[in-house]
Amino acid sequence: MIQPFAGRDFISMRDFDRGQVEDLLARCRQFEGTSKPLLNGRVLGSLFFEPSTRTRLSFESAMKRLGGQTLGFTDAATSSTEKGESLWDTIRVVEGYCDIIVIRHPAEGSARLAAEATTRPVINGGDGSNQHPTQTLLDLYTIEKRAGRLHDLKIAFVGDLKYGRTVHSLIKSLCLFPNEFYMVYPPSLGLPSYFLEDLQEQGIQSTDFENVEDLPEDLDILYLTRIQRERFPDPIEYERVRNSYQLTPDSVKRFSDKLTILHPLPRTTELDPDLDSHPGTAYFDQAHNGVVVRKTLLALLLGAG
Amino acid sequence: MIQPFAGRDFISMRDFDRGQVEDLLARCRQFEGTSKPLLNGRVLGSLFFEPSTRTRLSFESAMKRLGGQTLGFTDAATSSTEKGESLWDTIRVVEGYCDIIVIRHPAEGSARLAAEATTRPVINGGDGSNQHPTQTLLDLYTIEKRAGRLHDLKIAFVGDLKYGRTVHSLIKSLCLFPNEFYMVYPPSLGLPSYFLEDLQEQGIQSTDFENVEDLPEDLDILYLTRIQRERFPDPIEYERVRNSYQLTPDSVKRFSDKLTILHPLPRTTELDPDLDSHPGTAYFDQAHNGVVVRKTLLALLLGAG
Amino acid sequence: MIQPFAGRDFISMRDFDRGQVEDLLARCRQFEGTSKPLLNGRVLGSLFFEPSTRTRLSFESAMKRLGGQTLGFTDAATSSTEKGESLWDTIRVVEGYCDIIVIRHPAEGSARLAAEATTRPVINGGDGSNQHPTQTLLDLYTIEKRAGRLHDLKIAFVGDLKYGRTVHSLIKSLCLFPNEFYMVYPPSLGLPSYFLEDLQEQGIQSTDFENVEDLPEDLDILYLTRIQRERFPDPIEYERVRNSYQLTPDSVKRFSDKLTILHPLPRTTELDPDLDSHPGTAYFDQAHNGVVVRKTLLALLLGAG
């Protein structure tokens, strides 16, 4: 199971079929608690063309926990993009300084371009509104860890489903398994029509609601996303929506004990801090799972897993 | 002596009594010249919400000299605070990426808040105008190293005593020991009244002077601070004060050989570069002592000391 | 051969005679492929007062490949220069945190100043328009590796020869060996007169051309540089020059197989991407050679080579 990953890139979850996803998650489980210096002497090029706390720091943590080192930049201002260098050239230069590259870039398709520029393995750390596959992998890992499986689950996505890169990728991956989907969103923030058509072609159906109260009581997963002010031309409309989509201990009281609440973070007001101590809460675990998932990927792609 | 420190936070010198301060300093002495990889595989989360050279780099040096690794950010722009994340949430997320956290933040009380958010040890790297306890510890360490003791010393504080967080903390800690204090400051930049009242309640007395020439010749410690332009509404008044508070080889000639000159750095004009080669000069040693002090703290709090 | 380098600074190629340059390059060859943890426990202070991708990342890569660690800052904004600290003081403080320092600073002479401030070895990572000796060393290393020697070569410098710090240093070093030089540049961007006089005093002659087509067919090295828009008051003139100095597969077709094309990068339009697969192309190798050259220097100056 190790061979097929060594030397590969990790650009989009779409490159992985159900068997490979299950494989990856099984490998992640084996990495839980591992701190062997598997990547001693290896160097990760960490190229962040826009700032990120969670993704960047968890990649660095993963690399360092396995005995490796990192180098790179944390925003475009300290990169040579400022001097007009193309992404292609930056990658061609940096490949000489490291063994594997993670790239976060605002332009869609940039990670795939980077992968074409170099023979080193490239991991997509988020390319604009396109893909963020390590986020999807840690979401899947967290769901499987909490629910014990990735199939036959009742899963709700709540909030902004139109612009959420995270949500689109995760839905796609969860569609590899038989699950029931519920979509809860304010008017105008539903899944994009091209995305819905795509699901229909695969025979995937979902039920739409406008309120969290309409969701079934035996829901397994409630995946909440941020509703961003910028999406609303009218500030009064934003305030109304924001308040009605806030999750509180009260609003989740009607669900069964098996409920797991997820959120990619950072949150603003949609997630009441009083929920932090709720037994169903898993959003901080979810963030922390980023380390084991990224450890696994780094080790597998470097052929050290 | 190790047990009581492991797993603790280091937020304010006020949390430590005389015995504990002596303990800490004794431990620091044992760490002089130690470069054992005591912290191999451990990761320091270095969260600097505002820039700092001395504090950040000496923490990183301390961690790396002991075989550990660091990750984090160097200013708020590359943190997720930009996306509106609360400090609480940032800490809750980052605790999953590291074993111990140092935080520098412009808001008073932020370090204590961070310590409450996580079970990892938290070290205060400076929280606004409030506390900067590792600076105080390295000041104490330097005084003890130069003078051979922390008690029965004649100690003068010179410069801006009103706004100096560094000076307030250090005076408080030196008051744990029997010492004689002298305060030399321009009108309007003396110790704040609440601070003076606090000292009086403890029965601590100090002698005030307006000029360095009035200080006793057998002074042990002269601790100088920066006088900042921003404190003066009138630029002419600032120039006058700045010139009269500049320390030069001439102005320290009348003191005995045992004089030690300290300064938290960075300096501007208050400290004549010609003093750098004066035998009493210890401000660069003082900065360098930051490494051994922070090594000791990291090792003790991580239970590896 | 090790002794003379340990503890020294590396500020300018002018400090090294022909024998020492040959020595350094021989040592670099020995470091090819070496990843022994020679610098285990050592710390590099990486002080970049202005951003740089290539120089900074290849120094970090070199240090980490040899088992060492790095700390520092990536631009002036996160240094204490912002607080008005002098370069002298910054170096005096940072020397206590590390074993060796690399400095990039916009002011000419800053690296020499830094070297005077500390007993630690200091490497010049570029001081304004003055020197960038590690770039020169990697250029020499690349030429020797491709051509098999550093003497009796036909070498052309093409582009902006007036402002190019890189070009000036490299010409100076190549003049230590008997070579034939060709200069190809747009009007007003030739070598500065003081530089030409300097060459004449040494008895060095060069042939000037305005077009690449005039160069001899058996050219060994074509070293191209960026022509920067800022140098031209007239944008139309800039466009004209830019187009006529673009190197393409067509424009190099007339040269023999032994041609090597170099460029310090980043490039803009003067180097057609279609040249990347040309057998004479060596500019990415050139960038990558920065790691072995900097590994060698770090190890030698730290007495670990």
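Note that the coordinates shown come from a computational prediction; the quantities given were computed from them, not determined experimentally.

K.L.:
How should the overall build of chain A be read in this particular structure?
P.N.:
Helix and strand counts for chain A stand at 9 helices and 9 strands. For chain A, the C-alpha radius of gyration of 20 Å lies close to 19 Å, the compact-globule estimate for 305 residues. Taking the principal axes of the C-alpha coordinates as reference, chain A spans close to 55 × 40 × 40 Å. Within chain A, the proportion of its 305 residues that are buried is 54%. Of all intrachain contacts in chain A linking residues separated by at least 6 positions in sequence, the fraction that spans at least 24 positions is 76%.

K.L.:
For this particular structure, what's the right way to read the nonpolar core?
P.N.:
Side chains of nonpolar character tend, in soluble globular proteins, to be buried together. Membership of the largest hydrophobic core comes to 263 residues, with the highest contact counts inside it found for Ala156 and Leu298 of chain A, Ala156 and Leu298 of chain B together with Ala156 and Leu298 of chain C. Ignoring any residue separated from it by four or fewer positions in sequence, one finds Leu298 of chain C in contact with Leu39, Leu44, Ala62, Met63, Leu66 and Ile100 of chain C.

K.L.:
For this particular structure, what's the right way to read the pairing of strand E6 (residues 180-184) of chain B?
P.N.:
Across a regular strand the side chains alternate sides, sitting on one face of the sheet and then on the other. All names here are of chain B. Pairing of strand E5 (residues 154-158) with E6, which is carried by 5 bridges, proceeds in the parallel orientation. Bridge pairing links Val158 to Val184 in E6. In terms of handedness, the path from E5 via helix H6 (residues 165-174) over to E6 forms a crossover that is right-handed. Where E6 lies against strand E7 (residues 206-209), 4 bridges are found, and the strand directions are parallel. Its bridge partner lying in E7, Phe181 is registered against Ser206. Crossover E6 to E7 through helix H7 (residues 193-201) is right-handed.

K.L.:
Would you mind going over the relation of the copies chain C and chain A with me for this structure?
P.N.:
Turning one copy of the chain about an axis and sliding it along that axis gives the other copy, so a rotation and a shift relate them. Expressed as a screw operation, the relation of chain C to chain A combines 0.0 Å of axial shift with a rotation of 120°, fitting to an RMSD of 0.0 Å. As the rotation angle and translation indicate, the two copies are arranged about a three-fold axis. Residues of chain C ranked by C-alpha distance from the rotation axis are headed by Gln69 of chain C, positioned 5.1 Å from it.

K.L.:
Can you help me understand the interface of chain B and chain A in this one?
P.N.:
Think of interface size as the accessible area that goes away when the parts come together; that is how it is often given. Contacts between the two partners involve 21 residues from chain B, matched on the other side by 20 residues from chain A. Those elements that provide at least two residues to the side of chain B that touches chain A are strand E2 (69-73) and helix H3 (87-94) of chain B. If you tally residues by element for the side of chain B that touches chain A, the top one is H3 of chain B, at 5 residues. Grouping the amino acids of the side of chain B that touches chain A by side-chain chemistry returns 8 nonpolar, 8 polar and 5 charged.

K.L.:
Looking at this structure, how should I read the interface of chain C and chain A?
P.N.:
Between chain C and chain A, the contact holds 20 residues from the first and 21 residues from the second. Contributing elements (two or more residues each) for the side of chain C that touches chain A: helix H2 (54-65) and helix H9 (283-301) of chain C. Looking at the side of chain C that touches chain A element by element, the count peaks at 7 residues for H2 of chain C. Across the side of chain C that touches chain A, the residue classes tally to 7 nonpolar, 7 polar and 6 charged.

K.L.:
Looking at this structure, I do not really get the packing of helix H1 (residues 18-31) of chain C against H9 of chain C. What am I missing?
P.N.:
Angle between the axes and distance between the axes are the two parameters that describe a pair of packed helices. All names here are of chain C. It is the contact of H1 with H9, at a shortest axis distance of 9 Å, that shows an interaxial angle of 110°. Judged by the inter-axis angle, H1 sits roughly perpendicular to H9. Contacts between H1 and H9 involve Arg27, Cys28 and Phe31 from the first element and Val292, Val293, Lys295, Thr296 and Leu300 from the second. Per-class residue counts for the contact of H1 with H9 are 5 nonpolar, 1 polar and 2 charged.

K.L.:
Sorry, what's going on with the sheet that holds E5 of chain B here?
P.N.:
For sheets, the rule is that strands pair by backbone hydrogen bonds, running either parallel or antiparallel. Residue and element names in this part refer to chain B. As summarised here, the arrangement of the 5 strands in space is E7-E6-E5-E8-E9, forming an open sheet in which the pairing is parallel. Every other strand in the sheet has two partners, leaving E7 and strand E9 (260-262) as the edge strands with one partner each. Pairwise comparison of adjacent strand axes, ignoring direction, gives a mean angle of 20° for this sheet. The strands that helix H5 (residues 133-147) touches are strand E8 (221-224) and E9; relative to E9, the one it contacts most, it runs at about 165°.

K.L.:
For this particular structure, what's the right way to read helix H4 (residues 110-117) of chain C?
P.N.:
An α-helix turns once per 3.6 residues; consequently, residues spaced three or four apart project the same way. Residue and element names in this part refer to chain C. Three or more residues of H4 are buried, namely Ser110, Ala111, Ala114, Ala115 and Ala117. One face of H4 carries all of its buried residues, which in axial projection span an arc of 160°. On its buried face, H4 sits against helix H3 (87-94), strand E3 (100-105) and strand E4 (122-127).

K.L.:
Just checking my understanding: could you explain the domain arrangement of chain A for this structure?
P.N.:
Residue and element names in this part refer to chain A. Domain assignment breaks chain A into domain 1 (3-132 + 290-301) and domain 2 (134-287). Centre-to-centre separation of domain 1 and domain 2, based on C-alpha positions: 26 Å. Contacts between domain 1 and domain 2 engage 18 residues on the former and 18 residues on the latter. Top contributing element to the side of domain 1 that touches domain 2 by residue count: helix H1 (residues 18-31), with 5 residues. Looking at the side of domain 1 that touches domain 2 residue by residue, the class counts come to 8 nonpolar, 6 polar and 4 charged.

K.L.:
For this particular structure, what's the right way to read the sheet that holds strand E8 (residues 221-224) of chain A?
P.N.:
All names here are of chain A. Spatial strand order, E7-E6-E5-E8-E9: 5 strands in an open sheet with parallel pairing. Edge positions in the sheet fall to strand E7 (206-209) and strand E9 (260-262), since each of these pairs with one other strand and no more. Strand-to-strand twist across the sheet, computed as the mean angle between neighbouring axes with direction ignored, equals 20°.

K.L.:
What should I look at first to understand the packing of H1 of chain C against helix H5 (residues 133-147) of chain C in this one?
P.N.:
Residue and element names in this part refer to chain C. Where H1 contacts H5, the two axes come as close as 10 Å, and the packing angle between them is 70°. Taken together, the axes of H1 and H5 are roughly perpendicular relative to one another. Of H5, the residues touching H1 (which contributes Val21, Leu24, Leu25 and Cys28) are Leu137, Leu140, Tyr141 and Glu144. When its residues are assigned to classes, the contact of H1 with H5 shows 7 nonpolar, no polar and 1 charged.

K.L.:
What's the story with the pairing of strand E2 (residues 69-73) of chain C in this structure? I'm lost.
P.N.:
Residues and elements named next belong to chain C. Among the 5 residues in E2, 5 count as buried, and that is most of the element. The side-chain alternation of E2 yields two buried faces, one formed by Gln69, Leu71 and Phe73 and the other by Thr70 and Gly72. Taken together, the 5 bridges between strand E1 (residues 43-48) and E2 define a ladder with parallel strand orientation. Among the inter-strand pairings, Ser46 is bridged to a residue of E2, identified as Gly72. This β-α-β element, E1 to H2 to E2, shows right-handed connectivity.

K.L.:
Would you mind going over unusual backbone geometry with me for this structure?
P.N.:
Across the chain, the bulk of peptide bonds are trans and the bulk of non-glycine residues have phi less than zero. All names here are of chain A. Here Leu265 and Pro266 are connected by a cis peptide whose omega angle stands at -5°. Considering the arrangement of structural elements, one finds Pro266 in the loop between E9 and helix H9 (283-301). A positive phi angle is found at Leu265, which is not glycine, with a value near 60°. For Leu265, the location among the structural elements is in the loop between E9 and H9.

K.L.:
Explain the environment of Asp23 of chain A here, please?
P.N.:
In this structure, Asp23 of chain A sits in helix H1. Under the C-beta neighbour-count criterion, Asp23 of chain A is labelled partly exposed, with 17 such atoms within 10 Å.

K.L.:
What is the right way to look at helix H7 (residues 193-201) of chain A in this model?
P.N.:
For H7 of chain A, the tally of buried residues reaches only 0 of 9 residues, placing the bulk of the element at the surface. Positive backbone phi, approximately 75°, marks Gly203 of chain A, located one or two places after H7 of chain A.

K.L.:
What am I meant to see in the environment of Tyr185 of chain C here?
P.N.:
As for its position among the elements, Tyr185 of chain C is in the loop between strand E6 (180-184) and helix H7 (193-201). In this structure, the C-alpha to C-alpha distance between Tyr185 of chain C and Val102 of chain C, residues 83 residues apart in sequence, is 33 Å.

The rules behind these values
Residues numbered from 1 in each chain as written. Chains lettered and ligands numbered in written order. Predicted model: local features only at pLDDT ≥ 70, side-chain atom pairs only at ≥ 80, totals over all residues. Helix = DSSP H or I, 4+ residues; strand = E, 2+ residues; numbered from the N terminus. Rg over C-alpha atoms; globule rule 2.2 N^0.38 Å. Buried ≥ 20, exposed ≤ 12 C-beta atoms within 10 Å, placed from the backbone. Contact = placed C-beta atoms within 7 Å. Core = buried A, V, L, I, M, F, W, Y, C linked by C-beta atoms within 7 Å. Pairing = 2+ DSSP bridges. Right-handed = clockwise from strand over helix to strand, strands pointing away. Least-squares fit on C-alpha atoms with pLDDT ≥ 70 in both. Nonpolar A, V, L, I, M, F, W, Y, C, P; charged D, E, K, R; others polar. Axes fitted to C-alpha atoms, helices over the stretch in contact; angles between N-to-C directions. Parallel < 35°, antiparallel > 145°, perpendicular 65-115°, else oblique. Arc of directions from axis to C-beta. Domains from an automatic or database assignment.

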